[in-house]
2 protein chains.
Amino acid sequence: MSAVNVAVVGATGAVGQELLRILAERQFPIKSLKLLASPRSAGKKIVFNNQEYTVEAVAASQFEDVDLAFIAAGGEASKQWVPVAVAAGCTVIDNSSAYRMDPKVPLIVPEVNMDAARNHQGIIANPNCSTIILCVALKPIYDYAGIQRVVVSTYQAVSGAGYAAMDELQAQTEAYARGREVEAQVLPVKGLPKHYPVLFNVIPQIDIPGEQGYTKEEWKMIWETQKIFADPSMRITATTVRVPTMRSHCESINVETKTKLTVQECRNLISKAPGLKLVDDLEAQRYPMPLDTSGQDLVWVGRIREDTSLEYGLNLWVVGDQIRKGAALNAVQIGENLIADMR
Amino acid sequence: MSAVNVAVVGATGAVGQELLRILAERQFPIKSLKLLASPRSAGKKIVFNNQEYTVEAVAASQFEDVDLAFIAAGGEASKQWVPVAVAAGCTVIDNSSAYRMDPKVPLIVPEVNMDAARNHQGIIANPNCSTIILCVALKPIYDYAGIQRVVVSTYQAVSGAGYAAMDELQAQTEAYARGREVEAQVLPVKGLPKHYPVLFNVIPQIDIPGEQGYTKEEWKMIWETQKIFADPSMRITATTVRVPTMRSHCESINVETKTKLTVQECRNLISKAPGLKLVDDLEAQRYPMPLDTSGQDLVWVGRIREDTSLEYGLNLWVVGDQIRKGAALNAVQIGENLIADMR
């Protein structure tokens, strides 16, 4: 692959840091690297591939000689900087939700729909973390048996809300162990009036309220999945929930297929599909759990059972590191595919 | 109500202790009270209604003058002592799973099917904790619109596995905060070979493996719910999961009804139904959470949404204290109803 000039916007955040780790690990062909962030973070030092970089404040002029920009600094930053970067000639892989549902913007999970990125117009959107994990797991089932309907309930880690939420769970744990008051200022949603402890709690709200009583996170899982599979007829409903884990989202997925798919066939499909790892042996107490999947690139699938309440149905338990495959790794994989096409 | 002679078997356990608290709170009409447990716990002192009782070892002779026995000492103890107590003339309310699916034994949630207890033959079974919470929430929906199919995923507290599991989560929390190794010896299932930390983890196994890749806990939710509603045609599938909370089980419930039930109608039904509390205002960030429901008698219901993937469907988020309504309170309510009938 020919090396390219890369910028990472949001380099000091949880996803930005993971992006840098993955770019280094996978020896992404970088000619030059710019680490950009808000003026607040400018001047910070970050070591990448044994070389020290100084974080610079993001500005229009920064994009002039950049080929590929990873933007992971939240929706507002993306709305501001994505058009600027594209105007400067960059190809942008945007981690925010700002452009995902724009019909002109491809929304890509490489294992599912890399082809849809071919005719991009400068912006490629990286899907929501829970959506990516869901789509990677559904893909082999969709191709083999078709999907009629999906009911998904999530068990999402606090890191989905960034470093502040991880720090909050850490602080709550220490406060509890020392007999001090457990305080909450971040979760469920920074900026909303009410905050609840997540330690020893379960919070059925991720992101702000959307239409019809669903949260935005729930709509993201529904609409983004239909867009990624290019199949608006796929029926999906979602309930998204925060649990006190640091990293890795879990999903309890009920799938109604269009034709029969046995448990054994499903296991075979999962064990061969890209991006997935089959971990499924209840008798031996082997199933995916967040403590095991954190830091892993693959999405783990287990507890595969025939849904006895349907003619064609299965239950799956799916766990993936939502900062890696759910965000940073997926973005880097998109970048790798784009560069391979550029050759 | 005429007062009765009561025995509590398993008086030192998590459910037994809660039973005693609830019997006292609700001024259960007790003529005499015997606290029984394994020989290991015999001799322990327990204060009930400002009076000190000594725990005695359970034995056949202990049941001779008892009218009503609450047995909450696990399945093996129930298999041993329920027949003995019944032979001695006791009416037994059994908390274990040993007799629940016996066609001769009524399985009772008072809000749903108290009538089914009328012709009992000495044993009345108290359902599984997750089942009770599910059934109380489904009852008004079932009566109004009929239920075609239920998909439920649970978020269960460690106290469902007794004091040992609560102590384990407490110890793991303290160890983590002090930088010591987090050890696991109890969860997911005491006696099975493998144990996993529950702190910062999610474990998709509750109880031992059963048929077709489901755990016993999952089958309990399916089969017991069909028995309680006396409706084997009700289609149910379940995924049961342990999360790091101390008390109160959460359930993400997807219901397909037989006729249309709007969100507003469902809210009205829930707000009027016995045993339930409507806590449903996402805009105001009001929804049920374990930290709020612990110690509460009512099962809280919120996040009620139309399932846009179905013609007639709803999503609900339901949380209840599984030691109270999920076990001890339900047993005491059965006892109250039985005594009222005896008059």
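Relevant structure appears above.
Position numbers for residues count from 1 along each chain, tracking the sequence in the order it is written. For this description, chains carry letters from A and ligands carry numbers from 1, given in the order in which they are written. Only residues with pLDDT of at least 70 are given local features in this predicted model, and only at 80 or more are side-chain atom pairs given and counted; all residues enter the totals for whole chains, interfaces and linings.

By a widely used convention, the size of an interface equals the accessible area lost when the partners come together. A pair of residues counts as a contact when their C-beta atoms, built from backbone coordinates, are within 7 Å of each other. On the side of chain B, 52 residues touch chain A, which itself brings 52 residues to the contact. Breaking the side of chain A that touches chain B down by element, the ones donating at least two residues are strand E9 (147-155), helix H5 (163-177), strand E10 (235-239), strand E11 (249-257), helix H8 (290-293), strand E13 (299-306) and strand E14 (313-320) of chain A. For this scheme, ten residues count as nonpolar: Ala, Val, Leu, Ile, Met, Phe, Trp, Tyr, Cys and Pro. Four count as charged, namely Asp, Glu, Lys and Arg, and the remainder, Gly too, count as polar. Residue composition of the side of chain A that touches chain B, by class: 27 nonpolar, 15 polar and ten charged. Runs of E in the DSSP output that reach at least two residues are strands. Runs of H or I that reach at least four are helices, and both are numbered from the N terminus.

Moving on, we come to the relation of the copies chain A and chain B. In superposing the copies, a least-squares fit is computed on C-alpha atoms, taking residues whose pLDDT is at least 70 in both. Screw-axis analysis of chain A against chain B gives a translation of 0.0 Å along the axis, an RMSD of 0.0 Å, and a rotation angle of 180°. Such a combination of turn and shift is consistent with a two-fold rotation axis. Interface residue correspondence from chain A to chain B reaches 100%, placing this contact among same-surface, isologous pairings.

With that settled, consider the sheet that holds strand E10 (residues 235-239) of chain B. Hydrogen bonds along the backbone pair up the strands of a sheet, which may run parallel or antiparallel. Residue and element names in this part refer to chain B. Pairing is mixed across the open sheet formed by six strands, whose spatial order is E10-E9-E11-E14-E13-E12. Looking at strand neighbours, the two that pair on one side only are E10 and strand E12 (276-278), the edges of this open sheet. Averaged over all pairs of adjacent strands, the angle between their axes in this sheet comes to 25°, without regard to strand direction. At least two bridges found by DSSP between two strands are what make those strands a pair. Inspection of the sheet shows strand E11 (residues 249-257) paired to strand E14 (residues 313-320) by eight bridges, in the antiparallel sense. Counterpart to Asn254 in the pairing with E14 is Asn315. Of the strands in this sheet, strand E9 (147-155), E11, E12, strand E13 (299-306) and E14 touch helix H4 (residues 129-145), which is tilted by about 30° from E11. To define axes, lines are fitted to C-alpha atoms, for helices over the stretch in contact only, and angles between the resulting N-to-C directions are given on a 0 to 180 degree scale. This element, helix H6 (residues 216-228), spans E9 and E10 of the sheet and lies at about 155° to E10.

Residues and elements named next belong to chain B. Two elements, strand E3 (residues 45-48) and strand E4 (residues 51-54), share four bridges in a ladder whose sense is antiparallel. The partner of Val47 across the bridge, within E4, is Glu52. What sits between E3 and E4 in their antiparallel hairpin is a turn of two residues, with Asn49 showing a positive phi close to 50°.

Now for the packing of helix H4 (residues 129-145) of chain A against helix H6 (residues 216-228) of chain A. Residues and elements named next belong to chain A. Where H4 meets H6, the axes come as close as 9 Å, and the angle between the chain directions of the two elements is 45°. One finds that H4 runs oblique with respect to H6. In this structure, H4 crosses over H6, and the sense of that crossing is right-handed. The segment H4 lies against H6, with Ser130, Thr131, Leu134 and Cys135 engaging Glu217, Lys220, Met221, Glu224, Thr225 and Ile228. Considering only residue class, the contact of H4 with H6 consists of four nonpolar, three polar and three charged. Reported orientations rely on four angle classes, namely roughly parallel under 35 degrees, roughly antiparallel over 145, roughly perpendicular from 65 to 115, and oblique for the rest. It is the rotation of the near helix from the far one that decides the hand of a crossing: anticlockwise by less than a right angle makes it left-handed, clockwise makes it right-handed.

To continue, consider the sheet that holds strand E6 (residues 68-71) of chain A. Residue and element names in this part refer to chain A. An order of E5-E2-E1-E6-E7-E8 is seen for the six strands of this open sheet, with the pairing classed as parallel. Whereas interior strands pair on both sides, the edge strands pair on one side only; in this sheet they are strand E5 (56-57) and strand E8 (123-125). Where strand E7 (residues 91-94) meets E8, three bridges bridge the pair, whose relative direction is parallel. Bridge assignment links Val92 to a residue of E8, and that residue is Ile123.

Residue and element names in this part refer to chain B. Assignment of secondary structure puts Lys194 in the loop between helix H5 (163-177) and H6. A tally of 12 C-beta atoms within 10 Å means that Lys194 is categorised as exposed. Spatially, the C-alpha atom of Lys194 lies 8.9 Å from that of Ala184, the residues being ten residues apart in sequence. Here a residue counts as buried when 20 or more other C-beta atoms sit within 10 Å of its C-beta, as exposed when there are 12 or fewer, and as partly exposed otherwise, the C-beta atoms being derived from the backbone.

Take unusual backbone geometry next. With glycine set apart, most residues show a phi of negative sign, and most peptide bonds adopt trans. All names here are of chain A. Residues Leu187 and Pro188 are joined by a peptide bond in cis, for which omega reads 5°. Relative to the helices and strands, Pro188 is located in the loop between H5 and H6. One non-glycine residue, Phe200, lies in the positive phi region at around 55°. Assignment of secondary structure puts Phe200 in the loop between H5 and H6.

Our focus in this paragraph is helix H7 (residues 263-272) of chain B. Every α-helical turn comprises 3.6 residues, leaving residues that sit three or four positions apart pointing alike. Residue and element names in this part refer to chain B. The complete set of buried residues in H7 reads Cys266, Leu269 and Ile270. Projected down its long axis, H7 carries its buried residues within an arc of 95°, all on one side. Pointing more than 90 degrees away from the buried face of H7 are the exposed residues Gln264 and Lys272. Contacts made by the buried residues of H7 are with H4, E12, E13 and E14. Note that the arc is computed from the directions linking the helix axis to the C-beta atoms.

Here we take up the packing of helix H1 (residues 14-25) of chain A against helix H9 (residues 324-342) of chain A. Residue and element names in this part refer to chain A. The N-to-C vectors of H1 and H9 enclose an angle of 50°; their axes lie 9 Å apart at closest approach. The angle between H1 and H9 falls in the class oblique. Seen along the crossing, H1 lies across H9 with a hand that is right-handed. From H1, Val15, Glu18, Leu19, Ile22 and Leu23 reach across to H9, where they touch Arg324, Ala327, Ala328, Leu329, Ala331 and Val332. Residue composition of the contact of H1 with H9, grouped by class: nine nonpolar, no polar and two charged.

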